[in-house]
Amino acid sequence: MYPKHQKFLILGLSSSGYMATEFLLTKGAETYIYDDVESVKVAKNFEELTKKGAKRVRKEELSSVAEGCDVLVLSPGIPIDHPLAVSFKRKGKAVVGETELGARYMRCPIVAVTGTNGKTTTVSLITQTLQSVGYDAHACGNIGTPMLAFAHLEEDALAIAEISSFQLETLNSIRPHISVVLNITEDHLNRHYNMENYAFLKGKLLKNASGAEYAVLNYDDKTVRDFADKTKAKVVWFSVKERVQGAYYEDGALYYGEEKILSANELFASGLHNVQNALATIATAKIMRVPTESIAKSLRDFKGVKHRLEKIATIDGVTFIDDSKATNVDASVQAVQTVKGETLLLLGGKNKGYDYARLFEVMKHANVVQAVLYGENRYELLKSARENGFENITLCARFSLAVNVALLMAKSGQTVLLSPASASFDEFSSYEERGDTFVEIIRAHAEKTAQNQTKSREEYIPTYAEIADGRTDTGGRAEHDFDREIE
């Protein structure tokens, strides 16, 4: 690839598309930009990038411009089977992503983390642990900051990259010093079609590894364990079930080899999934020669990840937890099993091709006393709930209404948990926006509770109009017909 002598078409102006365009312009590339999404952010990106020299493409011009371009740069949100990508490939032209450009131009070593769940937490843990002993470590990739933002880093720095399956579709050049694969469970099947394709994409992270690199793999996940037979990298295991060569959990403590790192009850949060994330971090840190005491301190001091089992507030004895990052069934199962006490669970959004049976089966035997279903896939969730014998259901059309209904229903001592098991794109641009909206509603509720603290719950029963508009006070419980949808 020689940017000065090639023409690039950027498809999608998300943060990664913006960064790819900006980077290519600095390399002297002739760069064309296109996005059919109409939003304030996209409009602003168009304006800024055209001022820097990019050429905006209109819809009616797209085919002719594409014909004259050498390389297509796909946003992670656009699938590899998009007609334009297929057309480029058929003509023998390159189709890459921003992360692929980052892999080609980044000079510093990369620690890359992939998996269905736990990526952001593990990337954050590894970054914090390495920084604590003086490494110039930077979290990047799917965690929020594109890899290309750190292409300028010198060789003594480190990029700790979260890599999603979407990014792996167009990622071929990456050779991490350490590749971490956390787990592989059902996710994004509406895009990847089946588990075989999904697992293949995750395995791409290891394909360029030599004997000079490392693979930190989850021994407990059969699909991940099999990656060891397909990589030349030196394998370091982690496990919560077996004493492996690497990091493992035994008798309530986390070990590396024969050395105890810390007790599980010292970790930043409870839950077996957090033990797994910590073990992956321990294995990575040990490869990087971080002292045991520094690893243990980082695992104790970690403050958690925004929108991942994040406690927002406790109001009138009701605890509110934001787990908007749980966009698949496995993540929501982990959340349900982690939260203690009676729980009202907010579920719903955009379907990703899941079978929800396991979630409702777990909910029956956990502490979930009510599920408030909302969003585009609410009827699919309702069907699965009834097929699996979970009957305590309220059905709502929109997210804000569902949150406000949960506010009305919750009693002191209970928890309202947002753990959607679904993508956010039916109403929101991202799980972050969904989580932020949840937090805004809860904080507004807290403010109104303080203003109306002289009113008792028995004296005040809000109307449905107030619920829908988010104008509720602490309120008394409304009487709902749970077999009827609240519009």
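Attention here is on the structure that accompanies the text. Keep in mind it's a predicted model, so treat the numbers as computed, not measured.

Details of the pattern of salt bridges
Then step 1. In this structure the tally under the stated criterion is 19 salt bridges.
Then step 2. Here Glu30 and Lys55 are joined by a salt bridge, their closest N and O atoms 3.2 Å apart. Placement of the pair is Glu30 in strand 2 (residues 30-34) and Lys55 in strand 3 (residues 55-56), with a sequence separation of 25 residues.
Then step 3. When its relative accessible area of 27% is taken as the criterion, Glu30 is described as partly exposed.
Then step 4. Owing to a relative accessible area of 38%, Lys55 belongs among the partly exposed residues under this scheme.
Then step 5. Residue Glu259 is joined to Lys286 by a salt bridge in which the shortest nitrogen-to-oxygen separation is 3.2 Å. Pair noted here: Glu259 is in strand 14 (residues 259-263) and Lys286 is in helix 11 (residues 272-287), with a separation of 27 residues, a long-range link.
Then step 6. Judged by relative accessible area, which is 19%, Lys286 ranks as buried.

Structural notes on the sheet that holds strand 7 (residues 136-141)
Then step 1. The mixed open sheet is built from nine strands, whose spatial order is 7-8-6-9-10-11-12-13-14. Each edge of the open sheet is held by one strand with a lone partner, namely strand 7 and strand 14. Going across the sheet, the axis of each strand differs from the next one's by a mean of 20 degrees, ignoring polarity.
Then step 2. Bridge analysis of strand 6 (residues 110-114) against strand 9 (residues 178-181) gives four bridges, and the strand direction is parallel. Directly across from Ala112, in strand 9, lies its bridge partner Ser179.
Then step 3. The sheet strands contacting helix 11 are strand 6, strand 9, strand 10 (214-218), strand 11 (234-239), strand 12 (246-250), strand 13 (253-256) and strand 14, and the helix crosses strand 13 at an angle near 25 degrees.

Things to note about the pairing of strand 2
Then step 1. Burial analysis of strand 2 places four of its five residues in the buried class, the great majority of the element.
Then step 2. Inspection of the sheet shows strand 1 (residues 7-11) paired to strand 2 by five bridges, in the parallel sense. Bridged to Phe8 within strand 2 is Thr31.
Then step 3. Handedness of the strand 1-helix 1 (residues 15-26)-strand 2 crossover: right-handed.
Then step 4. The pairing of strand 2 with strand 3 spans two bridges and is parallel. From the neighbouring strand, Tyr32 faces strand 3, where its bridge partner is Lys55.
Then step 5. Handedness of the strand 2-helix 2 (residues 40-51)-strand 3 crossover: right-handed.

Considerations on the packing of aromatic side chains
Then step 1. A complete count under the given rule lists eight aromatic pairs for this structure.
Then step 2. Taken together, a centroid distance of 5.0 Å and an interplanar angle of 65 degrees make the contact between Phe23 and Tyr105 edge-to-face. Of this pair, Phe23 sits in helix 1 while Tyr105 sits in helix 5 (residues 98-105), placing them 82 residues apart in sequence.
Then step 3. Accessibility expressed as a relative area gives 12% for Phe23, which makes it buried.
Then step 4. Exposure remark for Tyr105: the relative accessible area of 24% places this residue in the partly exposed category.
Then step 5. Relative to Trp237, the ring of Tyr219 lies with its centre 5.2 Å away and its plane at 85 degrees, an arrangement referred to as edge-to-face. Highlighted residues: Tyr219 in the loop between strand 10 and helix 10 (222-226) and Trp237 in strand 11, separated in sequence by 18 residues.
Then step 6. Residue class for Tyr219 comes out partly exposed when judged on its relative accessible area of 28%.

So, how was this worked out
Residues numbered from 1 in each chain as written. Predicted model: local features only at pLDDT ≥ 70, side-chain atom pairs only at ≥ 80, totals over all residues. Heavy atoms only, no water. Salt bridge = Lys/Arg side-chain N within 4 Å of Asp/Glu carboxyl O. Helix = DSSP H or I, 4+ residues; strand = E, 2+ residues; numbered from the N terminus. Buried < 20%, exposed > 50% of the residue type's maximum accessible area, 1.4 Å probe, protein only. Pairing = 2+ DSSP bridges. Axes fitted to C-alpha atoms, helices over the stretch in contact; angles between N-to-C directions. Contact = heavy atoms within 4.5 Å. Right-handed = clockwise from strand over helix to strand, strands pointing away. Phe/Tyr/Trp six-rings, centres within 6.5 Å; stacked < 30°, edge-to-face > 60°.

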